[in-house]
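# Inside the fold
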Amino acid sequence: MTITHEEKQSLIDLANEARRRAYVPYSRYPVGAALRTKSGRIYTGVNVENAAYPQTMCAERVAIFKAVSEGETEFEVIAVVTNNGGSPCGGCRQVMAEFGLETVVLFADGKGTLTKETTVNDLLPEAFTPKHLVTDH
Ligand code: THU
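Report on the accompanying structure. Not measured: the values here are computed from a predicted model.

### Things to note about the packing of aromatic side chains
Any aromatic ring pair is given by two values, namely how distant the centres are and how the planes are angled relative to each other. The final tally for this structure, using the stated rule, is 2 aromatic pairs. Taking 5.5 Å as the distance between ring centres and 45° as the angle between the ring planes, the aromatic pair formed by Tyr26 and Tyr53 counts as tilted. Of the two residues, Tyr26 sits in the loop between helix H1 (5–19) and strand E1 (32–37) while Tyr53 sits in the loop between strand E2 (42–46) and helix H2 (59–69), which places them 27 residues apart along the sequence. Here Tyr53 falls in the exposed class, since its relative accessible area comes to 56%. Taking 5.4 Å as the distance between ring centres and 50° as the angle between the ring planes, the aromatic pair formed by Phe75 and Phe99 counts as tilted. With Phe75 in strand E3 (residues 75–81) and Phe99 in the loop between helix H3 (90–98) and strand E4 (104–108), the pair connects residues that are 24 residues apart, well separated along the chain.

Take a look at the structure:
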C-alpha cells in the first residue's frame, strides 16, 4: 500500500482543520487527528477536555472510536497535528495497536508540515495485542 504525498497532505490538512474544534480550555493545546480506513473513509477527531481533568479524551482516540463505532476497524494511516509536531501519547499508541501494528502514523505541526512518518509498530515495540489473549489451554 502506498500513500501519495498528496494523500498525506490532505489528511494532515483535515486533521489541522478539525483541530480548530478541539475543546481545550485547560491545556490550550489543541490536537487534531484524521484517520483513513482501508475502505477509504476518513474520520477526524479532536481532544475533548473536562473540568474533571482525567476525563479528557485525546484526539487520536476520538477518531479511532468514531471509526470503530461506524463498523470500521481496518486502518491505513492516521495523521496527528499539534502546534509543535507532538507525538501521540502511550494510551493512544496502545489503542492504535489494537487495530494493527502496520498503520502509518504521520505527525505534523500547526503549519501543516509533516514532521515525522512512522508506524504503530515503531511507536510501540512489543505491543500487547489481541493475539496475546489467544491461548490454547
Ligand atoms: N493529547 C491528545 O489529544 N493526544 C495525544 O496523543 C497527547 C495529548 C491532548 C490531551 C490534552 O487535552 C492535551 O493534549 C494536553 O495533554
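### A look at H2
Restricting attention to buried positions, one finds in H2 the residues Ala59, Glu60, Arg61, Val62, Ala63, Ile64 and Ala67. Taken together, the buried residues of H2 touch E1, E2, E3 and H3. Trailing H2 by a residue or two, Gly71 shows a phi angle of about 90°, which is positive.

### Describing the sheet that holds E1
With respect to topology, 5 strands assemble into an open sheet ordered E2-E1-E3-E4-E5, the strand pairing being mixed. Each having just a single partner strand, E2 and strand E5 (114–119) make up the two edges of the open sheet. Put simply, the sheet's adjacent strands are angled 15° from each other on average, direction ignored. Where E1 lies against E2, 5 bridges are found, and the strand directions are antiparallel. Each bridged residue has a counterpart across the sheet, and for Leu35 the counterpart in E2 is Tyr43.

### Some points on unusual backbone geometry
In the Ramachandran plot, Arg28 falls in the positive-phi region, its phi being about 55° despite a non-glycine side chain. Within the fold, Arg28 resides in the loop between H1 and E1. A positive phi angle is found at Glu126, which is not glycine, with a value near 55°. Note on placement: Glu126 falls in the segment after helix H4 (120–123).

Definitions and limits used
- Residues numbered from 1 in each chain as written.
- Predicted model: local features only at pLDDT ≥ 70, side-chain atom pairs only at ≥ 80, totals over all residues.
- Heavy atoms only, no water.
- Phe/Tyr/Trp six-rings, centres within 6.5 Å; stacked < 30°, edge-to-face > 60°.
- Helix = DSSP H or I, 4+ residues; strand = E, 2+ residues; numbered from the N terminus.
- Buried < 20%, exposed > 50% of the residue type's maximum accessible area, 1.4 Å probe, protein only.
- Contact = heavy atoms within 4.5 Å.
- Pairing = 2+ DSSP bridges.
- Axes fitted to C-alpha atoms, helices over the stretch in contact; angles between N-to-C directions.

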